[in-house]
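Overview (structure and organization)
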Amino acid sequence: MSLYSIPVADSKKEAERIKELDSYQILDTLPDNKYDDITRLASYICGTDVSLITLMDSERNWYKSIKGETGLSSREIPRDISFCKVTIQGDDLYEVKDTAKDILWKDNPIVTEKNIRYYAGYPLVSPNGYKLGTLCVVERWPMQLNASQKQALRTLANSVVSHFELDKNREIVRRKNKELAEVNARLYQFAKMIAHDLKSPLQSIKSLYELMRHDEENAKQYKEKMFSYLDRMGQMIDGLLAFSRNNLKSLRKEKISTELLLKSLMERLNVREVSFSMADDMPVIKTEGVLLEIIFQNLISNSIKYCNCEFTTIEVGVSSEDPITFFVKDNGPGISQDVGDRIFDPFERIEKSELKDGNGIGLYTVKTILMQRGCDIWYESEPDQGTTFFFEWRV
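Residues numbered from 1 in each chain as written. Predicted model: local features only at pLDDT ≥ 70, side-chain atom pairs only at ≥ 80, totals over all residues. Heavy atoms only, no water.

With that settled, the discussion passes to unusual backbone geometry. For the bond from D322 to P323, the omega torsion is -5°, close enough to zero to count as cis. Following the sequence through the fold, P323 ends up in the loop between β10 (312-321) and β11 (324-330). At Q25, a position not held by glycine, the phi torsion is positive, near 50°. Within the secondary structure, Q25 is located in the loop between α1 (11-23) and α2 (33-46). The phi angle at D28 is positive, at roughly 65°, despite the residue not being glycine. As for its placement among the helices and strands, D28 is situated in the loop between α1 and α2. (Helix = DSSP H or I, 4+ residues; strand = E, 2+ residues; numbered from the N terminus.)

Written out as structure tokens, the structure is:
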């Protein structure tokens, strides 16, 4: 029998073992003092110059910790010539008292070239029962361990696995904390988006309420509009919730006339001294209307908010059909080329934002919704020549 004829465990179990090993994310990591302390202690207890913590990958035996001079040029050797290949197939100590006299090992290059004459190792067994590697001691002359040394080596092997588990759990906690921080950040952004995008319909409702107070004759009509705006606010919140949860599939697609959507939006914005026009060929599409409305509301509101002209003009149309590309054009102060795509960052405000108050969340909301749908947005602008925003909308 030769070393190369010793079979590895069946392929399914071996695949599961490798998966378990990978879950610790320890292969090819840097040296760690706590593991080096264990190998130093193993050598001291067992009276050997060399001790190692090894991890058995699919094609190699990799050393997490090395104490002593092994004569190896790297931190790994091929799996097929490794003592540990045999060790992990058993449940107890694997000991070779004199490799030069052992039929399995006497011709192995570790023995013939590196002059390793003694080996003893315990498998490193995960809580799930998978053997990840070994804690082993080696020497350049024949020897054997006594009962106390064997027990100590077993205890140290268990300690190695305990450290693996601690490191793994720390990484899990770190990732969970990172995920929690990201969730909190999304919640914060979501709160900002809700506050930003509900200001317009709330202002419209407030205006209708004031009209209703002073015009009892048309109070019923104002009340119906108020309820309509409240209903639309609820739909907008649902849309923003779905977007913030990365769950656009939960939004119902409906047949939308973009012409009627824009007319309704401009009515709610209720802005005087704004000349609004749109193309005659505005499409009818089946899509998530509430998200499209949020995008148009933000772009049009920004055009109105930041325009320092005596009379604001806004034009909406379609510049291409595959995919549908809408545009919103204004005659405002324009955007400096230095701003670039920073304009879509959260809390970034247009250069001349001192003209009006703003928090910069609107364009961030627009950009994020479009990215989540696989669409793009860009703009063309020159200072004092107005700005045109273009955005794709895939149906």
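Time to look at the packing of aromatic side chains. Applying the stated criterion to the full structure yields 13 aromatic pairs. A ring pair is formed by Y94 and Y119, whose centres lie 6.1 Å apart and whose planes are at 55°; its orientation type is tilted. Placement of the pair is Y94 in strand β4 (residues 94-96) and Y119 in strand β5 (residues 118-125), with a sequence separation of 25 residues. The same class applies to Y94 as to Y119, namely buried. Note on F296 and F391: the rings are 5.3 Å apart at their centroids and 70° apart in plane angle, and the pair reads as edge-to-face. In this pair, F296 sits in helix α8 (residues 289-305) while F391 sits in strand β13 (residues 387-393), placing the two residues 95 residues apart along the sequence. F391 shares its class with F296; the two are buried. Ring-pair connections join several aromatic residues into one group, and the members of that group are F83, Y94, W105 and Y119. The aromatic ring of F344 is capped on one face by K367, whose charged end is 5.3 Å from the ring centroid. (Phe/Tyr/Trp six-rings, centres within 6.5 Å; stacked < 30°, edge-to-face > 60°. Buried < 20%, exposed > 50% of the residue type's maximum accessible area, 1.4 Å probe, protein only. Lys NZ or Arg CZ within 6 Å of the ring centre and 35° of its normal.)

Attention now goes to the environment of E392. Structurally, E392 can be placed in strand β13. For the pair E392 and I377, spaced 15 residues apart in sequence, the C-alpha to C-alpha distance is 6.5 Å.

Quick look at the sheet that holds strand β6 (residues 131-139) now. On the basis of which strands lie adjacent, the open sheet formed by six strands has the order β3-β2-β1-β6-β5-β4 and antiparallel pairing. The open sheet has two edge strands with one neighbour each: β3 (76-78) and β4. In this sheet, adjacent strand axes meet at a mean angle of 25° when their direction is disregarded. The pairing of β5 with β6 spans eight bridges and is classified as antiparallel. When the sheet's bridge partners are listed, Y118 is paired in β6 with E139. Packed on one face of the sheet, α2 meets β1 (50-56), β2 (60-67) and β6 and runs near 130° to β1. (Pairing = 2+ DSSP bridges. Axes fitted to C-alpha atoms, helices over the stretch in contact; angles between N-to-C directions. Contact = heavy atoms within 4.5 Å.)

Turning our attention to the environment of D36. Within the secondary structure, D36 sits in helix α2. Through-space distance from the C-alpha of D36 to that of I53 is 8.6 Å; in sequence the pair is 17 residues apart. The residues touching D36, leaving out its near neighbours within four places in the chain, are P31, S65 and I66.

In this section: the sheet that holds β13. Spatial strand order, β8-β10-β11-β13-β12: five strands in an open sheet with mixed pairing. In this open sheet, the two strands that pair with only one neighbour each are β8 (274-278) and β12 (377-381). Ignoring strand direction, the axes of neighbouring strands in this sheet form an average angle of 20°. By the bridge criterion, seven bridges tie β11 to β13 in an arrangement that is antiparallel. Along β13, the bridge assignment pairs K329 with T388. Lying on the sheet, α8 is in contact with β8, β10, β11, β12 and β13; it crosses β13 at an angle near 175°.

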